[in-house]
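In case you want the letters, here they are:
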Amino acid sequence: ALDSVLAQTYKKWELIFWDNQSTDGSQSIINSYNDERINYYYAPKHTMLSEARNCAIANTTGKYIAFLDVDDYWDKVKIEKQMNVFSTDDKIAMVYSNYHFNNETKGTIKIQYKSILPEGIILDDLLSKNVVGLLTMTINREIIDNNRGILFDPNLHIIGDYDLVIKIAAKHKIACVQQPLATYRWHGAN
């Protein structure tokens, strides 16, 4: 995950690494990277996933926010392609993309969605089928600021990202890069 962020063709980013009191050596791993754009935070207490994501967001300074869990990775042009889309329309609240699904237990990799993904005012589409993967989303910070800095409902654990997408789609325009720009890894310990 870290290597895929460092490899981005778009270079103006900051990485907030929110360590939710992990026991896997995350701090020593992050400390092995020497890049001033990486900011490490150790949670004062372990929290549920949505609350941890909100804590990480509170430490960001950028105009756009993207998400990447430690077992997934981005294509090297993800940020660049999404920033290009934002530059075409100032009414876009979020840009997402298709992604690869790497099933490491079966040894298969596939494109998650074969059909054209929805964009524009897509609430009805998303209520029928959630096609937005968290690892593909980039959100305009104004959405965060207009929601008092909280994006994820801390009462939700496993569907917090879907809830977030529905809230954004209910009020805003969403764009999509149709090609896969990230890879979700299924390894059995997800």
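This one's a predicted model, so the numbers in the text were calculated from it and none came from an experiment.

A. Spotlight on the pairing of strand 5 (residues 92-103). Within strand 5, ten of the twelve residues are buried, which leaves the element mostly enclosed by the surrounding structure. Relative to strand 8 (residues 173-186), strand 5 runs parallel, the two sharing ten bridges. When the sheet's bridge partners are listed, N103 is paired in strand 8 with W186. The pairing of strand 5 with strand 6 (residues 108-111) spans four bridges and is classified as antiparallel. Residue pairing in the sheet places N103 in a bridge with T108 of strand 6. The turn joining strand 5 and strand 6, which pair antiparallel and follow one another in sequence, is formed by four residues; a positive phi near 75° is taken by G107.

B. How the structure looks around the pattern of salt bridges. By the definition in use, this model includes six salt bridges. A salt bridge links K173 to D89; its shortest N-O distance comes to 2.4 Å. With K173 in strand 8 and D89 in the loop between helix 4 (78-86) and strand 5, this residue pair connects regions lying 84 residues apart in the sequence. Owing to a relative accessible area of 17%, D89 belongs among the buried residues under this scheme.

C. Region of the structure containing the side chain of S4. By the element assignment, S4 lies in helix 1 (residues 2-6). Looking at S4, the relative accessible area reads 9%, which means it is buried. Among the polar contacts made by the side chain of S4, one reaches the main-chain carbonyl oxygen of A1 at a distance of 2.8 Å.

D. Inspection of the environment of I29 at higher detail. For I29, the position within the fold is in helix 2 (residues 26-31). The exposure class of I29 is partly exposed, given its relative accessible area of 43%. The spacing of I29 and L2 is 27 residues in sequence and 9.5 Å in space, taken between C-alpha atoms. I29 has contacts with L2 and D24, leaving out every residue within four places of it along the chain.

E. Here's a closer look at the nonpolar core. Membership of the largest hydrophobic core comes to 47 residues, with the highest contact counts inside it found for F67, L126, M137, I139 and L151. Once residues within four sequence positions are removed from consideration, M137 is found in contact with I65, A66, F67, K78, M94, V95, Y96, V132, L164 and V165.

F. Inspection of the packing of aromatic side chains at higher detail. Counting across every chain of the model gives six aromatic pairs. A centroid spacing of 6.2 Å and a plane angle of 85° characterise the contact between Y99 and Y113, whose relative ring orientation is edge-to-face. Remark: Y113 occurs in the loop between strand 6 and helix 5 (123-128) and Y99 occurs in strand 5; sequence separation between them is 14 residues. Here the two residues Y99 and Y113 agree in accessibility, since each one is buried.

What counts, and at which threshold
- Residues numbered from 1 in each chain as written.
- Predicted model: local features only at pLDDT ≥ 70, side-chain atom pairs only at ≥ 80, totals over all residues.
- Heavy atoms only, no water.
- Buried < 20%, exposed > 50% of the residue type's maximum accessible area, 1.4 Å probe, protein only.
- Helix = DSSP H or I, 4+ residues; strand = E, 2+ residues; numbered from the N terminus.
- Pairing = 2+ DSSP bridges.
- Salt bridge = Lys/Arg side-chain N within 4 Å of Asp/Glu carboxyl O.
- Polar contact = N/O pair within 3.5 Å; in protein donor to acceptor, adjacent residues only side chain to side chain.
- Contact = heavy atoms within 4.5 Å.
- Core = buried A, V, L, I, M, F, W, Y, C linked by side-chain atoms within 4.5 Å.
- Phe/Tyr/Trp six-rings, centres within 6.5 Å; stacked < 30°, edge-to-face > 60°.

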